[in-house]
Each structure stands twice: as C-alpha cells, then as structure tokens.
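As a plain string of letters, each chain reads:
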Amino acid sequence: ETARKLAEVETSPVKREHAKIAVRMVGLVYEDETRVAALTSRVDGRLDEIYINFTGVHVEKGDPMVTIWSPTLIKSQVELFETMRSETEDGVIKGAEEKLIQYGLTRDQIAEIKEKKKPILYVTLRAPISGVVTKKMAVLGQFVKEGQEMYIINDLSRVWVKMDAYESDLPWIRYGQDVMFTTPAVPGRKFTG
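Position numbers for residues start from 1 in each chain and track the written sequence from start to end. Per-residue local features are limited, in this predicted model, to residues with pLDDT of at least 70; the limit for side-chain atom pairs, both in listing and counting, is 80 or more; totals at the level of whole chains, interfaces and linings are taken over all residues. By convention in this description, side-chain values take in all heavy atoms of the structure and omit both hydrogens and water.

(A) Molecular detail of the pairing of strand E3 (residues 45–50). Pairing between two strands requires that DSSP report at least two bridges joining them. By definition, any uninterrupted DSSP run of H or I lasting at least four residues is a helix, any uninterrupted run of E lasting at least two residues is a strand, and each is numbered from the N terminus. In the sheet, E3 pairs with strand E8 (residues 143–144) via 2 bridges, with the strands oriented antiparallel. Each bridged residue has a counterpart across the sheet, and for Gly45 the counterpart in E8 is Val144. Both E3 and strand E5 (residues 64–69) contribute to a ladder of 4 bridges, which runs antiparallel. Residue pairing across strands places Leu47 opposite Ile68, the latter belonging to E5.

(B) Highlighting a nonpolar patch on the surface. Residues qualify for a patch when their relative accessible area is over 30% and they have no salt bridge, like charges being joined within 9 Å and the nonpolar side chains of Val, Leu, Ile, Met, Phe, Trp and Tyr within 5 Å. The protein chains shown are the only cover counted for residues, whose accessible areas, like all others here, come from Shrake-Rupley with a 1.4 Å probe. Salt bridges, as used here, are contacts in which a Lys or Arg side-chain nitrogen is within 4 Å of a carboxyl oxygen on Asp or Glu. Taken together, the side chains of Ile21, Met25, Leu170, Trp172 and Ile173 present a nonpolar region at the surface, about 430 Å² in accessible area. Within the fold, Ile21 resides in the loop between helix H1 (2–7) and strand E1 (26–31). On the basis of relative accessibility, which here comes to 47%, the residue Ile21 falls in the partly exposed class. The cut-offs for exposure are 20% and 50% of the maximum accessible area for each residue type, with area from a 1.4 Å probe on protein chains only; residues under the lower value are buried, those over the upper are exposed, and the others partly exposed.

(C) How the structure looks around the nonpolar core. Counting 30 residues, the largest nonpolar core has Leu47, Val59, Met65, Val66, Ile68, Met150 and Tyr151 as its most contacted members. Secondary-structure elements contributing two or more residues to this core are E3, E5, helix H2 (71–86), helix H3 (90–102), helix H4 (107–116), strand E6 (122–126) and strand E9 (149–154). With 4 residues, the single largest contributor to this core is H3. Any two residues whose heavy atoms approach within 4.5 Å are treated as being in contact. When sequence neighbours within four positions are dropped, the list of residues in contact with Tyr151 reads Ala37, Ala38, Leu39, Ile50, Ile52, Met65, Val66, Val133, Lys135, Lys136, Met137 and Ala138. Think of a nonpolar core as a cluster: buried Ala, Val, Leu, Ile, Met, Phe, Trp, Tyr and Cys residues, connected wherever their side-chain atoms sit within 4.5 Å.

Here you go:
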C-alpha cells in the first residue's frame, strides 16, 4: 500500500466514448453570403433624393433609401388609372398593379396612388433587407439604368468565421462540430458556433 502511494498509481474504469482533442486554428470573420442584398433600379430614372449618404449605416427593411423620378413609372401609373376607368374586371387591374410591383413599388404605394387618383412623380425605393450598407453607388442627381446597383446591404446579425487548419488536424475535424473562438475585437468574450 505504501509503495502504491509513493508510485502515485491511479486506476480508472475503461469507457467507450469519442476521443476529444482541442484543435487551435487562426481564422477571419466574413459576412454571411446568404444574407446580402442589392438595391437595384428596376427602371431608368433620375435619383432626386438620397437618404443614405455613406457606407456603414444600419438600415431596417423598408427604410427609404432613394427617391427616383422615372417616366416609365409615371406611364405605368397612368396605365393603372386608365385600366381602373375602363375595365371592370379585377384581373386586368391586378395585372396593372403587378407591373408597378415589378418596378419596385410597394402595395402601400399602389394603394395611395389608387386613392389619390394621380401618379406619384417621385417614388421612394426602400431597403430590401435589414442590415449595414457596405457599398454605396447612388449619387444625387444621377441617371440610373434598369438593373443598375445603387446599394449593397449586408445583414451582419449572423457572420461566418473561416478558419485555416493544418493538414495534420484534418482527421479531427467533422461537419457539425461545436466551435469556440475568441477575437481581439471583443477581448475576454468567447463565441460558440
């Protein structure tokens, strides 16, 4: 008994379980590619008001971004009025409304147009998602073409962390593992994923 105490022999029951190892890696934080949206012009027109003047601004979905004047939008609104006046069939009126929705108007804006029975000359385009403006191409007074990007918005509420592993660590890495990481930007805090 004395010899066992001096030798510091310890015993433990044999268990069958997964091997655990801590793998240390270096990585970078990136935006989640699935949470990026662009505000594009759906018609040719002129930007008469810019609500977001610089990158880094946080916007909520539906916030006003720019006001555009477009002959195409005005013409489509007039077509809606003419359809409402001449057609009694709801399907034709709905088609005229859908055309305006495809041009970037909201249902509330269309309801306002129908109620006032006059076209909106300056249409406000709104943020498609909530997030941070990471790229701004819109300039006051600029003429934009259909399909031209004006803003890029990233939803940074969820981000990706890309880490580099050594080849010798690859056997220990599996899909769906729990990961714990720290960052110098937030010292003392541990993040998991």
